[in-house]
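# Commentary on secondary and tertiary structure
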Amino acid sequence: MVPEVLRRQAGRWRNIPRAQRRTVRFVAASTVAGLVVATGAVAAAGPWDSGQRKAERDRAAAAARAGGERHAAGGPSSGSGSAPPVLGALGTGRPPARAALAAALEPLLQDSALGSTHAASVVDAQSGDELYGTGQDVAYTPASTIKLATAAAALCALGPEHRIATTVVASGSDGIVLVGGGDPTLTALPAQGEGPRFASLRDLADATAKALKARGTNRTKLAYDTSRYSGPVLHSIGPNDNIAPVTALMVDEGRLDGSDKGPAERSADPAGDAARTFAGLLHERGVEVDGDPAEAHADASAQRIAAVSSAPLSALVERALTNSDNDIAEALARQTALASGQPASFEGAAKAVTDRLGRLGLPSGPARIADGSGLDRTDQVPAALLSRILARAADPAHPELRPLLTGLPVAGFTGTLRDRYASGDGKGVVRAKTGTLTGVNTLAGTVVDADGRLLAFAFMAGGTADPDAAQRALDHLASTLAGCGCRTG
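In this report, the structure presented in the accompanying data block is examined.

About the cut-offs
Residues numbered from 1 in each chain as written. Predicted model: local features only at pLDDT ≥ 70, side-chain atom pairs only at ≥ 80, totals over all residues. Heavy atoms only, no water. Core = buried A, V, L, I, M, F, W, Y, C linked by side-chain atoms within 4.5 Å. Buried < 20%, exposed > 50% of the residue type's maximum accessible area, 1.4 Å probe, protein only. Contact = heavy atoms within 4.5 Å. Helix = DSSP H or I, 4+ residues; strand = E, 2+ residues; numbered from the N terminus. Expected span 1.5 Å × (residues − 1). Polar contact = N/O pair within 3.5 Å; in protein donor to acceptor, adjacent residues only side chain to side chain. Salt bridge = Lys/Arg side-chain N within 4 Å of Asp/Glu carboxyl O.

### A look at the nonpolar core
A general feature of soluble globular proteins is that nonpolar side chains tend to end up buried together. Grouped together as the largest cluster of nonpolar side chains are 52 residues, with contacts concentrated most on Leu 316, Val 317, Leu 332, Leu 357, Ile 389 and Leu 404. With residues near it in sequence (within four places) discarded, Val 317 still touches Ala 151, Leu 155, Leu 332, Pro 403 and Leu 404. Of all hydrophobic cores here, the second largest spans 32 residues; its members include Leu 114, Tyr 421, Leu 455 and Leu 474.

### Observations concerning helix 15 (residues 467-483)
Its 17 residues give helix 15 an end-to-end C-alpha distance of 24 Å, which sits within 8% of 24 Å, the value for a rise of 1.5 Å per residue. For helix 15, the tally of buried residues reaches 13 of 17 residues, placing the bulk of the element in the interior. Measuring from the backbone nitrogen of Asp 468 back to the side-chain oxygen at the start of helix 15 gives 3.1 Å, which picks out Asp 466 as the cap.

### Things to note about the pattern of salt bridges
Any two side chains of opposite charge can pair, on the condition that their charged atoms come close. Overall, the coordinates contain 13 salt bridges when judged by the stated rule. The shortest N-O distance in the salt bridge between Arg 285 and Glu 284 comes to 3.5 Å. With its nearest N and O atoms 3.6 Å apart, the salt bridge here joins Arg 334 to Glu 330. Taken together, the residues Arg 334 and Glu 330, both in helix 11 (residues 326-339) and 4 residues apart, mark about one turn of the helix. Judged by relative accessible area, which is 0%, Arg 334 ranks as buried.

### A closer look at unusual backbone geometry
Residue Glu 253 is not a glycine yet carries a positive backbone phi of 55 degrees. Note on placement: Glu 253 falls in the loop between strand 6 (219-225) and helix 9 (270-284). Taking relative accessible area as the criterion, Glu 253 reaches 1% and is therefore assigned buried. Not every positive phi belongs to a glycine, and Ser 324 is a case in point at roughly 50 degrees. As for its position among the elements, Ser 324 is in the loop between helix 10 (313-322) and helix 11. Residue Ser 324 is classed as buried on the basis of its relative accessible area, which comes to 16%.

### Notes on helix 6 (residues 98-109)
Taking 1.5 Å as the rise per residue, helix 6 with 12 residues should run 16 Å; its terminal C-alpha atoms sit 16 Å apart, in good agreement. Listed as buried for helix 6 are Ala 100, Leu 101, Ala 102, Ala 104, Leu 105, Leu 108 and Leu 109. Tucked into the core, helix 6 has its buried residues touching strand 1 (117-124), strand 2 (130-134) and helix 15.

What follows is the structure in structure tokens.
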């Protein structure tokens, strides 16, 4: 339900001239940096209690206390033309007219920068009705926008509060086994600043050393167990800076340069490296490890002596979408497989993700899912599936899917959209997952249109020759969609 005071504000908003309305909407949306979508989707943006989204909320609250776009010291704390009218209008406007939407989008879809094939789907998030589509039911290579499907399936299978455990168990009378649970965010780096707290190998070493000393020993043998995952560890693209070997045990995504996102040189043996790092941490804590860590299979009945858990799945989903993190995406797919009784392999994960989409009432039709990250070019997904996943995430009946919306990069501000939308109506208003492979460019996300209506969209282009030009064309489509209203395009 929309509060009565917001309903009154909505009426005032519609009386503002259209040009002024667009300017006000841009300023308020940029300041709020995403709260527009959260309110417009009937609180669909979720609790905002993880990582970046908490930071966005805090910045937005500070901006609101300062009076929206009025930043001068001593200025008014509120007033017409700042956030309240925008927020009040959300969800109260009518969806844009189909004919006007087609008139606005179709000329832009003819841009040669979009390559030899393209598809588009626009869905009204409130009603679920498709407002525009062209080629929307034909499956195309989605690139990283397939992470939306992966994340939706994981949230459906496990719930947003699920955490992935990394454990240490006793092995015989003189050894321990480090058991990987499949958490790629397990880190060996020291804690730095505030933000999301991911599982720490240092904390695990603290607890393990304490447990061993309580047993009267400061020496141990160390093995490591990666059996939670099965099948090949190498992605079909082979060794690549965009993804580490997919294994149930790794630290810092197997990165060798200390980075936390983007391409980086990766370890060829992330599980072995994690175990050796753990042995070094135990040494620092007064526990000597005899010999080199060896791979083993922990007994199912072995006693657990220490454990750490990942951040909630909601935070992992947000990080995967905001930074287009391939390692987390593949982990989400395998966790979905484990929850679904499928082998935690590329093949088992693909089947599990497809099945979970069906359970969400999202028939995949001609879709073929080959991996969780979108690096595999044999992935084939229709634009209509991507837009409907986002619309389903905005449905109050599916609060478990809200991290799909809160994790979307914000145009001109965060993640893979930080350096896009330098100007125009889309900045701060478009929230979307990007997708890029050679010859493939995609964009799928949400906008709040000129009348406060939340729309979900997917634009896909194949056979592109100039990736920068293709991205600009996709961004123009999303910005234009944000500028549409119920009466005109």
